[in-house]
Amino acid sequence: MTAEAFAVEEHRAHLLAIGYRLTGSRADAEDAVQDAWLRWDRLGPDGRAQVRDTRAWLATTVGRLCLDRVRSAPARRERYVGPWLPEPLVTTGPDDVLDAVVAREDVRIAAMLVLERLSPDQRVAFVLHDTAGVGFDDVADVLGCTTPTARQLASRARKAVGAAADAGDLPDAVPEPEQRRVLDALVAALAAGDVPALVAVLHPDAALRTDGGGIVKAARRIVVGADKVARLLVALVEQAGPEVLAGARPVLVNGEAGLVIPSEPAPIVVALTVDGGRALAVHAVLTPEKAPP
């Protein structure tokens, strides 16, 4: 591996995390990292020698490459059919580069959904400065604004994220064994078709998001409330047949307990957000475009 390639590979997980937090897409993040490598290579030895901080240079380059996609996201979300969820990051073990990406709590699905509430420029400023450590001068250069404006954008984003946490939309991460316990109880109740048992596993304010992208049949709205979520989940499993859960395998999705359920035309990825020992949110990604590789 050349020194130039090693410089990018050394920071690959960090850069993928930036691209993913900006776009919600693994493919877009990987494309941005690849393009950043090409730009780094094109600098040549003299140009690279003038870069004082390789990590920061690569991070701002990834941010700049993702900027158009971030700014076009609101319009794309308006056209999206049903609830939108980020492309799930299903990890396979410590040898997977994504294992280092999902080690950060800010790529949890709940955290990604909070980022969706920010304006595009707030999101870029917050991700680059608060989570990637990029200086405000460089953030301003990426956004094409003044440094004070970049500071203000990040400050507003920070307040919005804090407000989401205070409202209970972004609970603290819980240990994996607790996540797994809740997931196992949820699956057992579903397999038995036991609505009361399922309600007991769900938080009273539980929300179910099913992302079918208009390609696969899914609920067009977020379903809220433990009883409504439980009845819909039981009905869906009864419709699919009990064997649908028999083939499910436990995985980590964005660093949290989840399942991959065999299905056609693509496997279904399910992840939970756990709070207070119950499932506060159930996220189900059905759209084939977001299926794990």
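Rules used in this analysis
Residues numbered from 1 in each chain as written. Predicted model: local features only at pLDDT ≥ 70, side-chain atom pairs only at ≥ 80, totals over all residues. Heavy atoms only, no water. Helix = DSSP H or I, 4+ residues; strand = E, 2+ residues; numbered from the N terminus. Polar contact = N/O pair within 3.5 Å; in protein donor to acceptor, adjacent residues only side chain to side chain. Axes fitted to C-alpha atoms, helices over the stretch in contact; angles between N-to-C directions. Parallel < 35°, antiparallel > 145°, perpendicular 65-115°, else oblique. Left-handed = near helix turned anticlockwise from the far one by under 90°. Contact = heavy atoms within 4.5 Å. Nonpolar A, V, L, I, M, F, W, Y, C, P; charged D, E, K, R; others polar. Salt bridge = Lys/Arg side-chain N within 4 Å of Asp/Glu carboxyl O. Buried < 20%, exposed > 50% of the residue type's maximum accessible area, 1.4 Å probe, protein only. Phe/Tyr/Trp six-rings, centres within 6.5 Å; stacked < 30°, edge-to-face > 60°. Lys NZ or Arg CZ within 6 Å of the ring centre and 35° of its normal. Pairing = 2+ DSSP bridges.

Draft legend 1. Spotlight on the side chain of Arg 48. Along the chain, Arg 48 falls in helix α4 (residues 44-49). Polar contacts involving the side chain of Arg 48 include one to the main-chain carbonyl oxygen of Asp 41, which spans 3.0 Å.

Draft legend 2. A look at the packing of helix α2 (residues 12-23) against helix α3 (residues 26-42). The contact between α2 and α3 brings their axes to 8 Å, and the two run at 130 degrees. If you check the angle between α2 and α3, you find them oblique. For the element pair α2 and α3, the recorded crossing hand is right-handed. Where α2 approaches α3, its residues Arg 12, Leu 15, Leu 16, Gly 19, Tyr 20 and Thr 23 are matched on the opposing element by Arg 26, Asp 28, Ala 29, Glu 30 and Val 33. Each residue belonging to the contact of α2 with α3 can be placed in one class, and the counts come to five nonpolar, two polar and four charged.

Draft legend 3. Looking closely at the pattern of salt bridges. For the coordinates displayed, the defined rule picks out 12 salt bridges. Of the charged contacts in the structure, one is a salt bridge between Arg 71 and Asp 121, with a shortest N-O distance of 3.0 Å. In this pair, Arg 71 is assigned in helix α5 (residues 54-79) and Asp 121 in helix α8 (residues 120-131), connecting sequence segments 50 residues apart. One salt bridge connects Asp 169 with Arg 117, and the closest N-O pair in it is separated by 2.9 Å. Within this pair, whereas Asp 169 is found in the loop between α10 (147-166) and α11 (176-192), its partner Arg 117 is found in the loop between α7 (109-115) and α8, the two being separated by 52 residues in sequence. Note on Arg 117: relative accessible area 53%, which makes it exposed. Through salt bridges with shared partners, a single ionic network connects Arg 77, Glu 116 and Arg 123.

Draft legend 4. The arrangement of the packing of aromatic side chains in detail. Scanning the entire structure with this criterion turns up one aromatic pair. A cation over a ring is seen here: Arg 77 above Trp 84, with NZ or CZ 3.9 Å from the ring centre.

Draft legend 5. Fine view of the sheet that holds strand β2 (residues 202-211). Read across the sheet, seven strands follow the order β1-β4-β5-β6-β7-β2-β3 without closing on themselves; strand pairing throughout is mixed. Strand pairing shows two members of the sheet lacking a second neighbour, β1 (90-91) and β3 (223-224), which therefore form its edges. As judged from the six bridges shared by β2 and strand β7 (residues 278-285), these two strands associate in the parallel manner. Within β7, the position partnered with Leu 208 by the bridge is Val 282. Each of β2, β4 (249-253), β5 (256-261), β6 (268-275) and β7 is contacted by α11, which is oriented at about 35 degrees to β5, the strand it contacts most. Across the sheet, helix α13 (residues 226-240) is in contact with β2 and β3; its angle to β2 comes to roughly 45 degrees.

In short, geometric facts, not functional conclusions.
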